[in-house]
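Architecture and fold: a report
If you want the building blocks of each chain, they are given just below.
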Amino acid sequence: MSRVFTIPDKWKVFCSRTIFEITKLGVDSIPLVMIISVFIGAVIAIQMQLNISSPLIPSYSVGLATRDIVLLEFSNSILCLILAGKVGSNIASEIGTMRVTEQIDALEIMGVNSCNFLVLPKVVGFVLFMPVLVAFCIATSLFGGFGVAVFTDLISVSRYVYGLQALFQEWYVWYGFIKSLFFAFIISSISSFCGYYVRGGALEVGKASTNAVVSSSIFILLMDVVLTKLLLQ
Amino acid sequence: MIEVKHITKSFDGKTILHNVDATFYTGKTNLIIGQSGSGKTVLMKSIVGLVRPEEGEILYDGRDLMKMDQAQIKHLREEIGMLFQGSALFDSETVLGNVMFPLNMFTDMSPAQMKERAQFCLERVNLKGADKKYPAELSGGMQKRVAIARAIALNPKYLFCDEPNSGLDPKTSILIDELLSDITHEYNITTIINTHDMNSVLGIGENIVFINKGYREWVGDKQEIYQTTNEALNEFVFATDLFQKVKQYIIQNAHR
Ligand SMILES: Nc1ncnc2c1ncn2[C@@H]1O[C@H](COP(=O)(O)OP(=O)(O)OP(=O)(O)O)[C@@H](O)[C@H]1O
Ligand SMILES: [Mg+2]
């Protein structure tokens, strides 16, 4: 652990590797995030409309409920569970393959601190880029709900848009971003750990990558409960 | 000069290396030979510090690796080049990127200088025009040569090669052997090569250490190996008919 969080040997190399990881882990995830968000956003809006259509509840509640669900849970916890599958398995299998093909030993032999060299740029890059993914997720989900309002007659556009703005609590946005940073750290560090300590061959790399996804998901869920208790009460 | 003194190493209670002593000389091609599974790779990894033996001393020109701290080991490793049994090239980098990698990490050269040096090393191993290829696009022999180029990029004082010619045809093996031998003499490097290829042993073996089941059985050079009376070594080196005949021929000629 302490070998990961030391000062990099060469800042120039570290920076260029971090940028590389941001592109690979972060930017390349944007399409997936957007596709999932637009559909889930639409589904949430439809389900809200179906479940709370009662004369006692104001009709703008659909927009409001969609917004809060997205801000509170979908754009961070659920998004990170999905990303744990994509990014986590990617990190674990990449580092694991480097381990079993002796590439990590080759780094060590050159005198490179392999932990620091491989893991730190991934953790830093992914944590830094996570808020951007969350922002994309929020925007596209709400846009998905908006699409439902426009293309169906379930909800009226003006009510939906009014609902989105009603009773807005800024803290919810911060809460989502803070949670996502923790989750990004969990995904990148646990997956790196799983990959780094692989012993054996290709079979074990596969197992490590499954382990990475399962353990990061569990830790995300645990952390979700803890952070929600701490931040929302 | 690298001196290894009574190294013992075990994995999960099973002793792999028993009290091994060996000396590897500067400017010579030092060979570690032995059957598959005899502990050659473990010995080599112990010498470079990737595996930590339970006991023993490993002296790099007098400096004991076992007593060094992290920073000193890191410093020492900048003087070491190593070729792994499976090449261990970085998949995500091109051939040129692989050779430039150590330069980029440990020197302050400008990109142009690094490229020049990397290209010089690639030329040295007879690999030109493959700069932009990725390791997966190369043949096994080419990968080995790229790995050699990467290992010599920083002008190492100590060069370790774990089976540089396993899985290669005899002709390419000889090329690689000659290359390693040339580099060793040209730059006065302490080169240690793991092998079970008899062609290499009889071709470039200036100092041969024979490991049998984790024990150091025999030490000598390629001339002495013909006269050896050591049974295990005889069985190992002259296992094939061809080498039996070669041996008899050489002995007969010597008596004439
Ligand atoms: N990390 C490890 N954990 C447990 N046992 C190991 C480990 N590395 C090597 N061994 C054991 O040590 C013994 C010697 O292995 P080593 O790789 O040194 O053989 P070798 O002489 O290099 O063989 P080859 O010529 O096939 O490469 C083997 O029996 C192997 O099972
Ligand atoms: Mg071996």
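Structural notes, computed from the coordinates. (Residues numbered from 1 in each chain as written. Chains lettered and ligands numbered in written order. Predicted model: local features only at pLDDT ≥ 70, side-chain atom pairs only at ≥ 80, totals over all residues. Heavy atoms only, no water.)

1. Regarding the sheet that holds strand 7 (residues 158-162) of chain B
Residues and elements named next belong to chain B. An order of 6-7-8-3-9-10 is seen for the 6 strands of this open sheet, with the pairing classed as mixed. The open sheet has two edge strands with one neighbour each: strand 6 (80-83) and strand 10 (215-220). Between one strand axis and the next, the sheet turns by 15 degrees as a mean value, whatever way the strands run. Sheet topology places strand 7 next to strand 8 (residues 190-195); 5 bridges connect them, and they run parallel. Paired with Leu 159 across the strands is Thr 191, a residue of strand 8. (Pairing = 2+ DSSP bridges. Helix = DSSP H or I, 4+ residues; strand = E, 2+ residues; numbered from the N terminus. Axes fitted to C-alpha atoms, helices over the stretch in contact; angles between N-to-C directions.)

2. Considering the coordination of the magnesium ion (ligand 2)
Ideal geometry at a metal gives 109.5 degrees between four tetrahedral donors and either 90 or 180 degrees between six octahedral ones. Protein-derived coordination of the magnesium ion (ligand 2) comes from Thr 41 of chain B (OG1) and Gln 85 of chain B (OE1), at a distance range of 1.8 to 2.5 Å. Pair noted here: Thr 41 of chain B is in helix 1 (residues 40-48) and Gln 85 of chain B is in the loop between strand 6 and helix 3 (95-106), with a separation of 44 residues, a long-range link. (Donors = N, O, S within 2.8 Å, 3.2 Å for Na, K, Ca; no water.)

3. Comments concerning the pairing of strand 3 (residues 29-33) of chain B
Along any regular strand, the residues point their side chains to alternate faces of the sheet. Residue and element names in this part refer to chain B. Extensive coverage of strand 3 is indicated by the burial of 5 of its 5 residues. Here strand 3 shows two buried faces, one formed by Thr 29, Leu 31 and Ile 33 and the other by Asn 30 and Ile 32. Pairing of strand 3 with strand 8 involves 5 bridges; the strand directions are parallel. In the strand pairing of strand 8, Ile 32 is matched with Asn 194. Bridge analysis of strand 3 against strand 9 (residues 207-212) gives 4 bridges, and the strand direction is parallel. (Buried < 20%, exposed > 50% of the residue type's maximum accessible area, 1.4 Å probe, protein only.)

4. Examining helix 6 (residues 170-187) of chain B
An ideal rise of 1.5 Å per residue puts 26 Å on 18 residues; helix 6 of chain B measures up with 26 Å between its terminal C-alpha atoms. Positive backbone phi, approximately 55 degrees, marks Asn 188 of chain B, located one or two places after helix 6 of chain B. (Expected span 1.5 Å × (residues − 1).)

5. Some points on the side chain of Gln 49 of chain A
Residue and element names in this part refer to chain A. Checked against the element boundaries, Gln 49 lands in helix 2 (residues 30-51). A relative accessible area of 19% means that Gln 49 is categorised as buried. When near neighbours in sequence (up to four residues on either side) are disregarded, Gln 49 contacts Val 62, Leu 154 and Ile 155. (Contact = heavy atoms within 4.5 Å.)

6. Things to note about the state of the cysteines
Within this structure, the stated rule accounts for 0 disulfides over all chains. Distance from the sulfur of Cys 194 of chain A, which forms no disulfide, to the nearest cysteine sulfur (Cys 115 of chain A) is 14 Å. Among the residues examined, Cys 194 of chain A registers a relative accessible area of 16% and is labelled buried. Cysteine Cys 161 of chain B remains unbridged, with the sulfur of Cys 121 of chain B as its closest cysteine sulfur at 14 Å. (Disulfide = S-S within 2.5 Å.)

7. Topic: a nonpolar patch on the surface
Residues and elements named next belong to chain A. Taken together, the side chains of Val 150, Phe 151, Val 157 and Val 161 define a hydrophobic patch exposed on the protein surface, amounting to about 360 Å² of accessible area. Those elements giving two or more residues to the nonpolar patch turn out to be helix 5 (114-151) and helix 6 (157-165). Note that Val 161 resides in helix 6. In this structure Val 161 comes out as partly exposed when scored by relative accessible area, which is 30%. (Patch = residues over 30% accessible without salt bridge, like charges linked within 9 Å, V, L, I, M, F, W, Y side chains within 5 Å. Areas by Shrake-Rupley, 256 points an atom, 1.4 Å probe, with all protein chains shown as cover. Salt bridge = Lys/Arg side-chain N within 4 Å of Asp/Glu carboxyl O.)

8. With respect to the packing of helix 3 (residues 61-100) of chain A against helix 7 (residues 170-196) of chain A
Residues and elements named next belong to chain A. Two numbers describe how helix 3 lies on helix 7: the axes approach to 8 Å, and their chain directions differ by 15 degrees. Relative to helix 7, the element helix 3 is oriented roughly parallel. Pair helix 3 / helix 7 crosses with right-handed handedness. When its residues are assigned to classes, the contact of helix 3 with helix 7 shows 15 nonpolar, 10 polar and 4 charged. (Parallel < 35°, antiparallel > 145°, perpendicular 65-115°, else oblique. Left-handed = near helix turned anticlockwise from the far one by under 90°. Nonpolar A, V, L, I, M, F, W, Y, C, P; charged D, E, K, R; others polar.)

9. Some details on the site of ligand 1
Residues and elements named next belong to chain B. Lining the immediate surroundings of ligand 1 are 14 residues, of which Ser 36, Gly 37, Lys 40, Thr 41 and Glu 163 lie closest. Here an oxygen atom of ligand 1 sits 2.5 Å away from a polar atom, N or O, in the side chain of Thr 41. Measuring from an oxygen atom of ligand 1, one finds a side-chain N or O atom of Glu 163 at 2.8 Å. Contact with the protein chains removes 64% of the 630 Å² of surface that ligand 1 exposes when unbound. (Near = heavy atom within 4 Å. Polar contact = N/O pair within 3.5 Å; in protein donor to acceptor, adjacent residues only side chain to side chain.)

10. Considerations on the nonpolar core
Counting 64 residues, the largest nonpolar core has Leu 83, Phe 126, Met 130 and Leu 133 of chain A as the members making the most contacts within it. In terms of residue count, the dominant contributor to this core is helix 5 of chain A (16 residues). The contact partners of Leu 133 of chain A, leaving out residues within four places of it in the chain, are Gly 26, Ser 29, Ile 30, Val 33, Leu 79, Leu 83 and Phe 126 of chain A. Ranked by size, the runner-up nonpolar core spans 47 residues in total, among them Leu 89, Ala 118, Ala 151 and Ile 176 of chain B. (Core = buried A, V, L, I, M, F, W, Y, C linked by side-chain atoms within 4.5 Å.)

11. What about helix 8 (residues 202-232) of chain A?
Residues and elements named next belong to chain A. When the terminal C-alpha atoms of helix 8 are compared, their 44 Å separation across 31 residues agrees well with the 45 Å that a helix rising 1.5 Å per residue should span. Looking at helix 8, one finds that the buried residues are Val 205, Ala 208, Ser 209, Ala 212, Ser 216, Ser 217, Ile 220, Asp 224 and Leu 227. Elements in contact with the buried residues of helix 8: helix 3 and helix 7.

12. As for the pairing of strand 2 (residues 14-24) of chain B
Pairing of strand 1 (residues 2-11) of chain B with strand 2 of chain B, which is carried by 7 bridges, proceeds in the antiparallel orientation. Bridge assignment links Ile 7 of chain B to a residue of strand 2 of chain B, and that residue is Val 20 of chain B.

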